Amino acid sequence: MKTACLYSTLLAGCVLGASAQAQSEVSVYGIVDAVLVSERGGAAGNVNKLTSGASAYSRLGFRGKEDLGDGWSAIFLLEMGMRIDDGSLDNTTGQLFNRQAYIGLESRDWGAVRLGRQHTFLYYTLVQVADPFSLGYAGTAKNLFPVKNTVRSSNTVSYTSPTRRGWTAEASYSLGEQPGDAHAGRQLGLVIGYADGPLTVRFAHSTLNQDVAAGAVSLAAPVSQDNARNSVLAMNYRYALFTAYLAYGVDKGGNSSPVPNPGAYGVASAVVPSTDSTDLLLGAAIPVGQQGRVMASFIRKNDKTRFQQDASQWAFGYAHGLSPRTTAYLAWAKIHNRNGAAYTVGNGNEAGSGNSAFNLGLRHNF
């Protein structure tokens, strides 16, 4: 009898242990992207290079989820960028998990709260809804849509609502963490989205306070600057044979539309970043067979300041799935600048050096 009880106890322990293990999961994931890039039209001349992350940043990440019961889960994500061309970390700040690093709680009924370094909602709106190139390749929308200040934010508390009849809402608050001034350096984000069948619509807004509190840098006096305010209304619609894309952005305030590489054409002193501009994108993605996808877009930046440094971009690309995880791709884009504008054709990872570029690359997801 004692032996039977012992076996029963051990069996129960094994079952409970297996159950606990099943309730907690950690996965390793990443992207390995290498690409040949040819850039033309810059003051320094033509550039040919092997680089990393043109279609999507090369990265290594760890994500985890633990079932807490009653529909609640603990979640975390740690993600670092890396370069395939030379094996280095893809950042200049010394951050290990420079892409994302957060922990949070998630509920099927109440939504999710995340704490830490995160992508902004405006960035996700451009990637997931607005751009047929998903902010990658030579045709990336961020060549003209400003995302330099709105890709990620540190010290962030974010909330994502559950989906109700196709509607979702998201909000974020990033602390500036400057002594004596709770407003200096903070960033606010807001998203309202709707998805139903073939239609997806999303509105995103970001406000970045650029003030510097007294003493935040050495013993300097406080610096007061305009907020950088960026808004995007984006939508796409999936037809039988293709997906149509439309996005409209409004950028107001200092540093709301920075030029990624102002010295590319040797006239850095004449480049004046716009403080009042709009951005329009029209695009399409068309499947080719079972593995292929053609992408195309036209983007127009309208600088409403007296400098009228407008720009427009045409872009085309093709991605071919060699397997469910491996994709070969090529892309081309060209920008036309007006009145001293200095926008460049970059890619998912770099700002670019001229007004046109061609990509030929290979990406593997794991």
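So, here is what we can say about the structure in this document. Computed from a predicted structure; not experimentally measured.

1. Notes on the overall build of the protein
The secondary structure content of the protein amounts to two helices and 17 strands. Its C-alpha atoms give the protein a radius of gyration of 23 Å, near enough to 21 Å, the size a compact globule of 366 residues would have. Among the 366 residues that make up the protein, the fraction classed as buried is 44%. Accessible surface, the protein: about 18,200 Å² in total, of which carbon and sulfur atoms supply 61%. Treating the 30 positive side-chain charges of the protein as one cloud and the 25 negative ones as another, the clouds have centres 4 Å apart.

2. Topic: the nonpolar core
The biggest cluster of nonpolar side chains holds 43 residues, and the ones touching the most others in it are Leu-126, Tyr-137, Phe-145, Leu-281 and Tyr-343. Counting only elements with at least two residues in this core, the list comes to β1 (24-40), α2 (121-130), β11 (228-238), β12 (243-257), β13 (274-288), β14 (292-303), β15 (311-321) and β16 (326-337). It is α2 that contributes the most residues to this core, seven residues altogether. Setting aside residues up to four positions removed in sequence, Tyr-137 forms contacts with Ala-54, Ser-55, Met-295, Ala-319, Tyr-329, Ala-331, Gly-346, Asn-347, Gly-348, Asn-359 and Arg-363.

3. Side note on the side chain of Thr-327
One can find Thr-327 in strand β16. For Thr-327, a relative accessible area of 13% translates into the label buried. Those residues in contact with Thr-327 that lie beyond four places of it in its chain are Ala-319, His-320, Gly-321, Leu-322, Gly-361, Leu-362 and Arg-363.

4. Some thoughts on α2
For α2, a buried count of eight out of 10 residues is recorded, marking the element as mostly surrounded by other parts of the structure. Listing the buried residues of α2 in full gives Phe-121, Leu-122, Tyr-123, Thr-125, Leu-126, Val-127, Val-129 and Ala-130.

5. Describing the packing of aromatic side chains
Enumeration according to the criterion identifies eight aromatic pairs in this entry. When the centroid spacing of 4.7 Å and the interplanar angle of 45° are considered together, the rings of Phe-298 and Trp-314 count as tilted. With Phe-298 in strand β14 and Trp-314 in strand β15, this residue pair connects regions lying 16 residues apart in the sequence. The class of Trp-314 is partly exposed, set by a relative accessible area of 48%. Grouped by ring-pair contacts, the aromatic residues Phe-133, Tyr-137 and Tyr-329 constitute a single cluster.

6. Comments concerning the pattern of salt bridges
Pairing between side chains of opposite charge can happen when their charged atoms approach one another. For the structure on display, the rule yields 12 salt bridges. Asp-276 is the salt-bridge partner of Lys-252, the closest N and O atoms lying 2.9 Å from each other. Of this pair, Lys-252 sits in strand β12 while Asp-276 is found in strand β13, placing the two residues 24 residues apart along the sequence. Within this structure, Glu-39, Lys-49, Arg-83, Asp-85, Asp-90 and Glu-350 form a network of salt bridges that share partners.

7. Digging into the environment of Asp-109
The residue Asp-109 is located in the loop between β5 (100-107) and β6 (111-119) in this model. Along the sequence, Asp-109 and Gln-313 sit 204 residues apart, while their C-alpha atoms lie 43 Å from each other. Discounting chain neighbours no more than four positions away, the residues touching Asp-109 are Pro-162 and Arg-164.

8. Describing unusual backbone geometry
Not every positive phi belongs to a glycine, and Asp-70 is a case in point at roughly 55°. Structurally, the position occupied by Asp-70 is in the loop between β3 (59-69) and β4 (72-81). Residue Asp-70 is classed as exposed on the basis of its relative accessible area, which comes to 74%. Positioned with a positive phi, Arg-165 is a non-glycine residue whose angle comes to about 50°. Residue position: Arg-165 is located in the loop between β7 (152-160) and β8 (167-174). Among the residues examined, Arg-165 registers a relative accessible area of 83% and is labelled exposed.

9. Comments concerning a nonpolar patch on the surface
Taken together, the side chains of Leu-36, Leu-50, Trp-314, Phe-316, Leu-330, Trp-332, Phe-358 and Leu-360 define a hydrophobic patch exposed on the protein surface, amounting to about 780 Å² of accessible area. Those elements giving two or more residues to the nonpolar patch turn out to be β15, β16 and β17 (356-365). By secondary structure assignment, the location of Trp-332 is in strand β16. What makes Trp-332 partly exposed here is its relative accessible area of 34%.

10. Brief notes about the environment of Gln-290
Note that Gln-290 resides in the loop between β13 and β14. The exposure class of Gln-290 is exposed, given its relative accessible area of 75%. C-alpha separation for the pair Gln-290 and Gly-321, spaced 31 residues apart in sequence, amounts to 8.5 Å.

11. What to know about the side chain of Asn-347
Within the secondary structure, Asn-347 is located in the loop between β16 and β17. Among the polar contacts listed, one links the side chain of Asn-347 to the backbone nitrogen of Asn-349, at a separation of 2.8 Å. Not counting residues up to four positions away in its chain, the partners in contact with Asn-347 are Val-37, Gly-53, Ala-54, Tyr-137, Ala-138, Thr-140, Lys-142, Asn-143 and Asn-359.

Rules of the game
- Residues numbered from 1 in each chain as written.
- Predicted model: local features only at pLDDT ≥ 70, side-chain atom pairs only at ≥ 80, totals over all residues.
- Heavy atoms only, no water.
- Helix = DSSP H or I, 4+ residues; strand = E, 2+ residues; numbered from the N terminus.
- Rg over C-alpha atoms; globule rule 2.2 N^0.38 Å.
- Buried < 20%, exposed > 50% of the residue type's maximum accessible area, 1.4 Å probe, protein only.
- Areas by Shrake-Rupley, 256 points an atom, 1.4 Å probe, with all protein chains shown as cover.
- Lys, Arg positive; Asp, Glu negative; His and termini not counted.
- Charge placed at Lys NZ, Arg CZ, Asp CG, Glu CD.
- Core = buried A, V, L, I, M, F, W, Y, C linked by side-chain atoms within 4.5 Å.
- Contact = heavy atoms within 4.5 Å.
- Phe/Tyr/Trp six-rings, centres within 6.5 Å; stacked < 30°, edge-to-face > 60°.
- Salt bridge = Lys/Arg side-chain N within 4 Å of Asp/Glu carboxyl O.
- Patch = residues over 30% accessible without salt bridge, like charges linked within 9 Å, V, L, I, M, F, W, Y side chains within 5 Å.
- Polar contact = N/O pair within 3.5 Å; in protein donor to acceptor, adjacent residues only side chain to side chain.

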